[in-house]
Amino acid sequence: MTSSSLDADVETQPRERPAPTRLRVEYLKEAFGITASAPRMSWAPPAGTVQQTAYRITADNGWDTGKVTSARHQLIPYTGPALQSRSRFEWRVRTWNTDADGTETASAWSDPMPVELGLLHASDWTAQWIGPEEPDVPAREERPGYALHKAFTLDTVPETGRAYATAHGIYELFLNGVRVGDQQLTPGSTSYNTTLQFQAYDITGLLRPGGNTIRAVLTDGWYRGTFGYTRDADMYGSSTALLAQLEIQSGDNRTVIGTDGSWRVSRTEILGADLMAGQRTDFRALEGTADDAAPCASAAAEAGAAVVLNCSYGTLTGPVAPPTRIVEEFPPVSVTRLASGRQVVDFGQNIHGWVRLSTLGGPGEAVTLVYGEALDATGDVTQDHLRPHDFRRPGQFLPAGQVDVVTASGAPGEVFEPRHTTHGFQYVSVQGLTTDLAAEDITACLVHTDLEPVGSFTCSDPRLNKLHDIVQWSFRDNACEVPTDCPQREKAGWTGDWQLFVPTAAYLYDVTGFSRKWLRDVRADQWENGVIVNISPSPGPGFTSAEFMAFTNGSCGWGDAIAMVPWELYLATGDAGILAENWDAMNRWLGFVRTTAETQRHPSVTAAGAVPAPHEKYLWDTGFHFGEWMEPDGPEPDLFAARSADHGIVATAYYRNTTAVMAQAAAVLGRPEEARALANLSENIRQAWEKEYLDPAGQVTQPSQANCVRALAFDLVSPQHRSSVTAQLVSLIREAGTHVGTGFLATPYLLPVLADNGELDLAYELLMQDSEPSWLVMVDRGATTMWELWNGLDAGGAPHQSLNHYSKGAVVSFLHRYTAGLRQAPGSAGYQRIIIEPRPGAGLSSAATSHTGPQGRIDVAWEIDDGVLALGATVPSGTTAEVRLPGEPVAVVGPGAHSFLAADGSKSPHFHPARSTL
Ligand code: RAM
């Protein structure tokens with residue numbers, strides 16, 4: 001149903017409501033330079049309404065849906081005039097909604113959201129790829145930044161100006177000496193062989209009549225700099241390149257200034273820049289070269305011509321995730337001058353990014369900045385725990401990197417900000433600077449993908465609040481372009497880490513675009529045989545080091561990310577399209593797992609019987625697996641030994657889980673036959689697991705907390721064995737002195753499994769445990785981010801491995817879902833049906849959580865006073881909540897603010913809805 005005019009709508013709808021909010025285009029808040037020619041629009045219904053009944057979208061390009069009777073407000077396809085490269089429009093939406101009393105009211109119009117398309121086709125690019133001439137490519141980590149620049153003249157002030165730019169490497173653009181835009185580390189990290197992002201910028205305000213200069217600074221970045229644990233260089237190529245196109249419009253006149261052979265290349269102050277190693281800047285190198293602000297004669301004299309390169313345009317694409325930015329800046333909490341003369345700066349928080357240093361040494365004096373997460377006995381920064389093994393020289397370690405060096409020229413106003421590298425750090429050892437640093441001389445810049453926060457948690461226990469805080473910090477520090485494992489040692493998109501943390505992350509931040517971008521790389525990096533590689537983006541099997549470590553790909557719990565991550569995103573958003581995008585890749589992964597299970601037997605099984613038992617074809621017990629990984633007191637990981645170990649108990653569990661997840665995904669995608677077949681396969685695997693790994697007494701045969709947790713979390717044992725496996729898990733935990741014994745994979749499920757199987761108190765005992773290993777040890781030892789190991793800082797304060805890995809932080813989803821008590825109902829996606837069920841414990845007297853999902857913001861808060869639990873909940877439009885309080889029947893409530901009182905569970909229950917309002 002549509003209505004013809006906006007005015008008529010207003011007349012018939014006198015009661016105006018607040019407007020729809022959170023307008024998004026393809027999950028983006030800023031849709032500038034996108035390359036989706038049929039973008040989809042979403043919004044959140046106005047706060048305080050019960051149910052959207054209709055919407056109307058209008059745009060300034062003539063698009064008008066009229067009034068459409070529909071409750072839908074997610075991913076509405078654009079149906080206006082066909083969009084071309086550079087098309088621009090502003091859209092807004094109003095909705096009609098029912099109130100609690102059933103009357104329909106019209107909302108106000110939302111604020112407008114601008115959308116502008118970038119360059120959709122390779123043929124839109126008239127610019128040519130250019131690069132510096134490098135007869136001898138300098139050694140890795142020593143490669144300088146180059147400036148590629150061009151002077152041009154404009155007759156008039158232009159009406160609009162756009163710049164489109166990308167690079168093989170990292171680029172920054174400057175127009176007339178002013179930095180263009182506020183994005184960092186552009187063009188961002190992707191699997192460059194298949195996808196290269198370009199950025200679009202509005203440069204209208206930076207252009208001027210007369211002489212102008214466009215200048216790009218180009219360094220190695222992910223393209224050819226060193227990367228990851230193995231510190232490989234040249235992953236995507238051995239030369240850097242720039243592609244930039246300025247389009248300047250005045251009336252009907254479009255001037256295009258693209259990179260080509262007329263551009264000049266000069267040196268910059270950056271003598272070396274590498275994402276892992278650090279940045280070396282010598283401002284003296286600029287002496288006698290171009291002033292950024294003006295194309296002076298000396299620049300031309302200094303510069304050489306750019307080389308035109310024959311690179312492809314075919315991989316170019318606009319953004320699908322928010323950009324990377326400096327999201328926060330901090331002053332130091334202390335600066336300490338050591339006896340050695342070094343100054344140690346403590347920012348009080350472990351972060352990812354760099355510092356901005358405004359006090360440099362005297363002319364020609366080098367100041368060295370060593371970044372780290374921990375201090376040694378002398379109070380200086382130590383990096384020893386961050387040094388990776390050198391696989392090519394067993395027993396040796398590689399440098400940790402994270403060292404910047406800056407030499408001043410003495411020119412006034414020199415500021416060092418190494419934006420062509422990044423570091424994971426809380427401390428910086430400033431070496432070679434005689435001036436005492438004041439707080440305003442050095443600033444920490446937190447750099448990450450600019451994600452929207454959508455979730456919160458707080459409770460009456462300060463240590464749990466701190467735990468939540470440090471987990472959130474670890475996520476922020478590892479959300480730079482792709483979900484990384486750690487921001488210092490590796491900065492790598494490990495599949496397993498994201499698989500196990502994405503449910504927590506998606507509750508706290510809108511990670512949809514960010515994850516979709518990464519999944520595109522995961523799919524691109526998938527091997528012919530279906531193997532999902534451990535790290536994405538990565539350059540593929542043709543690359544030497546990838547080949548060297550190739551045997552580790554195909555690990556259970558890591559490769560399964562291709563099913564688990566899309567499924568979690570679907571649950572968070574209700575967007576089945578994310579499942580559809582990844583469906584083929586999941587099937588190919590499953591094909592690899594299934595073929596491996598059906599055709600290979602682990603030698604230990606073969607030794608036990610020449611003829612395979614019928615259930616053995618469902619056991620995935622060969623190939624390399626990381627296994628549970630990093631259990632406390634576990635052996636030092638030995639990847640080469642793991643290659644032949646029997647990890648069937650873990651791998652078969654993941655085989656079961658992935659088939660179960662895919663069965664549900666198939667059902668959502670309207671593939672009932674596949675859903676049935678997958679569910680059957682999953683049940684067969686379950687039975688095989690039970691037969692192989694559960695003894696007749698209902699005990700897991702390879703007893704570990706992790707194996708018991710998986711048995712329950714992945715529904716591996718039949719209902720009659722759940723209690724014996726729970727009892728086994730409980731006794732393993734008690735044998736460990738009530739300590740956590742899981743590593744990476746099972747940790748997210750440990751507390752939920754206990755709570756779901758009648759052991760809520762034990763879940764809380766583990767949560768509140770404060771001797772090693774435990775989460776609160778991290779809090780008590782002053783962690784500001786989650787550690788990779790349970791003993792990241794040991795009792796003596798010595799650091800071990802990374803102090804900034806979010807994986808163990810998945811525990812905080814227990815705080816959201818159980819402690820505060822907000823979770824989705826089974827079968828719900830996009831938070832349309834929720835369950836509010838506080839499960840208090842550990843003497844907590846209050847807890848609160850919020851989550852802004854597709855329907856809007858949900859708030860849950862409870863307090864216990866004198867044995868009475870008072871619960872307040874706000875349920876957004878279009879959402880149904882089941883409220884479950886101790887000993888009471890389920891109350892089903894709709895949108896609005898509700899409050900309830902109940903006994904806290906320890907006293908006799910008394911429960912009634914006290915008040916509900918809109
Ligand atoms: C480590 C990474 C990552 C983990 C792999 C298996 O080096 O830091 O967290 O997934 O190993």
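So, how was this worked out
- Residues numbered from 1 in each chain as written.
- Predicted model: local features only at pLDDT ≥ 70, side-chain atom pairs only at ≥ 80, totals over all residues.
- Heavy atoms only, no water.
- Near = heavy atom within 4 Å.
- Polar contact = N/O pair within 3.5 Å; in protein donor to acceptor, adjacent residues only side chain to side chain.
- Areas by Shrake-Rupley, 256 points an atom, 1.4 Å probe, with all protein chains shown as cover.
- Nonpolar A, V, L, I, M, F, W, Y, C, P; charged D, E, K, R; others polar.
- Pairing = 2+ DSSP bridges.
- Helix = DSSP H or I, 4+ residues; strand = E, 2+ residues; numbered from the N terminus.
- Salt bridge = Lys/Arg side-chain N within 4 Å of Asp/Glu carboxyl O.
- Buried < 20%, exposed > 50% of the residue type's maximum accessible area, 1.4 Å probe, protein only.
- Core = buried A, V, L, I, M, F, W, Y, C linked by side-chain atoms within 4.5 Å.
- Contact = heavy atoms within 4.5 Å.
- Phe/Tyr/Trp six-rings, centres within 6.5 Å; stacked < 30°, edge-to-face > 60°.
- Lys NZ or Arg CZ within 6 Å of the ring centre and 35° of its normal.
- Expected span 1.5 Å × (residues − 1).
- UniProt positions renumbered as here; feature names shortened; annotations may be inferred.
- Domains from an automatic or database assignment.
- Buried area = accessible area lost by both parts, 1.4 Å probe.
- Axes fitted to C-alpha atoms, helices over the stretch in contact; angles between N-to-C directions.
- Parallel < 35°, antiparallel > 145°, perpendicular 65-115°, else oblique.
- Left-handed = near helix turned anticlockwise from the far one by under 90°.

> Describe the site of the ligand, with residues and values.
Taken together, Asp485, Arg489, Glu490, Trp494, Asp497, Trp558, Phe626, Trp629, Phe744, Glu788 and His805 make up the full set of residues near the ligand. Here an oxygen atom of the ligand and a side-chain polar atom of Arg489 are 2.9 Å apart. Relative to its free-state accessible area of 300 Å², the ligand is covered by the protein chains to the extent of 95%. Across the shell around the ligand, the residue classes break down as five nonpolar, one polar and five charged.

> Summarise the sheet that holds strand β14 (residues 170-175); cite the residues concerned and give the values.
Strand order across the open sheet formed by six strands is β15-β14-β18-β12-β21-β24, with antiparallel pairing between neighbours. The strands lining the two open edges of the sheet, one partner per strand, are β15 (178-179) and β24 (304-305). Judged from the four bridges that link them, strand β12 (residues 146-154) and strand β21 (residues 264-267) form a sheet pairing that is antiparallel. The partner of Ala147 across the bridge, within β21, is Ser266.

> Can you lay out the pattern of salt bridges for me, pointing to particular residues and giving the numbers?
Within the structure shown, the criterion is met by 48 salt bridges. When the shortest N-O distance is used, the salt bridge between Arg325 and Glu30 registers 2.6 Å. Of the two residues, Arg325 sits in strand β27 (residues 324-330) while Glu30 sits in the loop between β2 (21-25) and β3 (31-34), which places them 295 residues apart along the sequence. Arg325 gets classed as buried once you look at its relative accessible area, which sits at 13%. Overall, the relative accessible area of 38% leaves Glu30 in the partly exposed class.

> Tell me about the nonpolar core, and name the residues and values.
The biggest cluster of nonpolar side chains holds 205 residues, and the ones touching the most others in it are Leu467, Phe475, Trp498 and Val511. Residue contributions to this core peak at eleven residues, all from helix α12 (residues 648-668). Ignoring anything within four residues of it in the chain, the contact list for Leu467 reads Leu767, Trp775, Val779, Met786, Val811 and Val812. Counting residues in each nonpolar core, the second largest holds 26 residues, with Leu154, Tyr201, Leu246 and Val265 among its members.

> So what's going on with the packing of aromatic side chains? Which residues, and what values?
When we look at a pair of aromatic rings, we describe it by the centre distance and by the angle of the planes. One pass over the full model with this rule turns up 37 aromatic pairs. Ring geometry for Phe475 against Tyr806: centres 6.1 Å apart, planes inclined by 55°, an arrangement best described as tilted. One end of the pair, Phe475, is in helix α4 (residues 462-477); the other, Tyr806, is in the loop between α18 (775-780) and α19 (812-820), with 331 residues separating them in the sequence. The burial state of Phe475 is the same as that of Tyr806; both residues are buried. A network of ring pairs unites the aromatic residues Trp494, Phe551, Trp558, Phe624, Phe626, Trp629 and Phe640 as a single cluster. One cation-aromatic arrangement involves Arg215 over Phe174; the distance from NZ or CZ to the ring centre is 5.8 Å. The ring of Trp473 has Arg476 sitting right over it, with the charged end atom 4.7 Å from the ring centre.

> Report on the pairing of strand β18 (residues 210-219), specifying residues and quantitative values.
Counting buried positions over the ten residues of β18 gives eight, a clear majority of the element. Alignment of β12 against β18, held across nine bridges, turns out to be antiparallel. Across the sheet, the residue bridging to Leu154 is Gly210, located in β18. Bridge count between β14 and β18: six bridges; the pairing is antiparallel. Paired with Ile170 across the bridge in β18 is Thr219.

> Go over the side chain of Thr281, please, and point to the residues and values.
If you trace the backbone, Thr281 turns up in strand β23 (residues 278-282). If near-sequence neighbours (up to four positions away) are discounted, Thr281 is found in contact with Glu269, Ile270, Leu271, Val405, Val406, Thr407 and Phe416.

> With reference to specific residues and values, describe unusual backbone geometry.
Leaving glycine out, the prevailing phi sign among residues is negative, and the prevailing peptide bond configuration is trans. Following Thr186, the chain continues to Pro187 via a peptide bond in cis, the omega torsion being 10°. Put simply, Glu772 and Pro773 share a cis peptide bond, and its omega is -5°. The topology assignment puts Pro773 in the loop between α17 (760-768) and α18. The phi angle at Trp629 is positive, at roughly 70°, despite the residue not being glycine. For Trp629, the position within the fold is in the loop between α10 (603-608) and α11 (639-642). Since its relative accessible area comes to 19%, Trp629 is described here as buried. A positive phi angle is found at Asp866, which is not glycine, with a value near 55°. Its place among the elements puts Asp866 in the loop between β42 (856-865) and β43 (868-875).

> Any details on helix α13 (residues 672-693)? Residues and values, ideally.
The end-to-end C-alpha distance of α13 is 31 Å, a good match for the 32 Å that 22 residues give at a rise of 1.5 Å each. Those residues of α13 not exposed but buried are Ala675, Leu678, Leu681, Ser682, Ile685, Arg686, Ala688, Trp689, Glu690 and Tyr693.

> Any chance you could break down the sheet that holds strand β7 (residues 76-77) for me, citing the residues and the numbers?
Strand order in the open sheet formed by three strands is β2-β4-β7, and the pairing between neighbours is antiparallel. Every other strand in the sheet has two partners, leaving β2 and β7 as the edge strands with one partner each. In this sheet, β7 lies alongside strand β4 (residues 40-44) in antiparallel orientation, the contact comprising two bridges. Across the sheet, residue Arg40 finds its bridge partner in β7, namely Pro77.

> Describe the UniProt feature "domain: Alpha-L-rhamnosidase C-terminal" (unreviewed entry) in the protein chain, and please don't skip the residues or the numbers.
The sites that carry the UniProt feature "domain: Alpha-L-rhamnosidase C-terminal" (unreviewed entry) are, in the present numbering, residues 821-891. This span, residues 821-891, is 0% helix and 54% strand, and a straight line between its end C-alpha atoms measures 15 Å.

> Help me get a handle on the domain arrangement of the protein chain, residues and values and all.
Its domain assignment divides the protein chain into domain 1 (3-117), domain 2 (122-321), domain 3 (325-449), domain 4 (511-693) and domain 5 (833-917). Counting residues at the interface gives ten residues for domain 1, matched by seven residues for domain 5. For the pair domain 1 and domain 5, the two sides together bury roughly 600 Å², of which 49% comes from carbon and sulfur. Where domain 1 touches domain 5, the interface holds zero salt bridges. For the side of domain 1 that touches domain 5, the secondary structure elements donating two or more residues are β4 and β5 (51-59). The class makeup of the residues in the side of domain 1 that touches domain 5 is four nonpolar, five polar and one charged.

> Requested: an account of the pairing of β43, with residues and values cited.
The alternating pattern of β43 places Leu869, Leu871, Ala873 and Val875 on a buried face and Val868, Ala870, Gly872 and Thr874 on a face that is not buried. As paired strands, β42 and β43 are joined by seven bridges and run antiparallel to one another. Bridge assignment links Asp865 to a residue of β43, and that residue is Val868. Counting the residues between successive antiparallel strands, the hairpin from β42 to β43 contains two residues, one of them, Asp866, with a positive phi of roughly 55°. In terms of strand pairing, β43 meets strand β46 (residues 896-903) through eight bridges, oriented antiparallel. Pairing of Thr874 across the sheet is with Ala897, part of β46.

> With reference to specific residues and values, describe helix α14 (residues 705-713).
Buried residues dominate α14, accounting for eight of its nine residues. Inspection of α14 places Gln705, Ala706, Asn707, Cys708, Val709, Arg710, Ala711 and Leu712 among the buried residues, and these make up the whole buried set. Contacts from the buried residues of α14 go to α12, α13, α15 (722-735) and α16 (747-756).

> So, the packing of α12 against α13: which residues are in play, and what are the values?
To describe two helices that pack against each other, one gives the angle between their axes and the distance between the axes. Running from N to C, α12 and α13 point in directions that differ by 160°, and their axes come no closer than 8 Å. Accordingly, the angle class assigned to the pair α12 and α13 is roughly antiparallel. Helix-helix and strand crossings are classified by hand; for α12 and α13 the assignment is left-handed. Taking contact as the criterion, the partners of Gly648, Ile649, Thr652, Ala653, Tyr655, Arg656, Thr659, Ala660, Met662, Ala663, Ala666 and Ala667 in α12 are, on α13, Glu674, Ala675, Leu678, Ala679, Leu681, Ser682, Glu683, Ile685, Arg686, Trp689 and Tyr693.

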